Amino acid sequence: MTVYFDAFRVKSVNLKAAYTISDMASRVVPILTPDFVDGLGTMYQFLSGSSSPTWIRLTLVRFKENDPDLTSDDEYIIEYSYGTNGELPHTDATLVDIKSKIPKMVDGDTTYVMETHMRYQPTFNIGLNAYDLDHVIMTRPRAVPACWETCID
């Protein structure tokens, strides 16, 4: 029973940690840097209490509605993406993997896509295998449009 209780506890703590760092990113006004995202990764590692390595990937996605009468031509444009602990940033090719999780937005609107990962290893061997806890969370930037390192185009 202890192992099952611990597994559910870790899953709950992990999800809360993921929402916490996603909310922290959404409150940055307005400039994000790789150092800040690395700091979020450190915060996630601490909040999740994981003894195994974790990673996060933060991606700012802008929605572009080309023809209002067609949904097939809608685009999600990556403004920037950064991953910690060796996790690669998203590209247009890899964004396809999570595109179905990103909501349709108003033309020009943006959202943060926060992905988190940790490996859960049960304390005792009772037949419950180790597994990955992965979360994908969408959070809108607050107040002002976000930008990566500099807001000057």
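Details of the structure are given in the entry above.
Residues numbered from 1 in each chain as written. Predicted model: local features only at pLDDT ≥ 70, side-chain atom pairs only at ≥ 80, totals over all residues. Heavy atoms only, no water.

J.: Honestly, the pattern of salt bridges in this entry has me stumped. Any pointers?
T.: Oppositely charged side chains are able to pair whenever their charged atoms sit close together. If you walk through the whole model with that rule in mind, you get 8 salt bridges. Across the pair Asp 23 and Arg 27 runs a salt bridge whose closest N-O atoms are separated by 2.8 Å. A relative accessible area of 24% means that Asp 23 is categorised as partly exposed. Between Glu 87 and Arg 57 there is a salt bridge, with the nearest N and O atoms lying 3.3 Å from each other. In this pair, Glu 87 sits in the loop between strand S3 (75-83) and helix H3 (92-95) while Arg 57 sits in strand S2 (residues 55-64), placing the two residues 30 residues apart along the sequence. A relative accessible area of 9% places Arg 57 in the buried class. Each member of the salt-bridge network shares a partner with another, and the members are Asp 23, Arg 27 and Arg 142. (Salt bridge = Lys/Arg side-chain N within 4 Å of Asp/Glu carboxyl O. Buried < 20%, exposed > 50% of the residue type's maximum accessible area, 1.4 Å probe, protein only. Helix = DSSP H or I, 4+ residues; strand = E, 2+ residues; numbered from the N terminus.)

J.: Whenever I open this one, helix H2 (residues 34-48) confuses me. Can you help?
T.: Each full turn of the α-helix corresponds to 3.6 residues, which orients residues three or four apart in the same direction. The end-to-end C-alpha distance of H2, which contains 15 residues, comes to 21 Å, matching closely the 21 Å that a straight helix rising 1.5 Å per residue would cover. All buried positions along H2 are accounted for by Val 37, Leu 40, Gly 41, Tyr 44 and Ser 48. All buried residues of H2 project into a common sector of 105° when viewed along the axis, lining one side. Looking at H2, the residues exposed on the side facing more than 90 degrees away from the buried face are Asp 35, Thr 42 and Phe 46. Positive backbone phi, at 70°, marks Gly 49, one or two positions downstream of H2. (Expected span 1.5 Å × (residues − 1). Arc of directions from axis to C-beta.)

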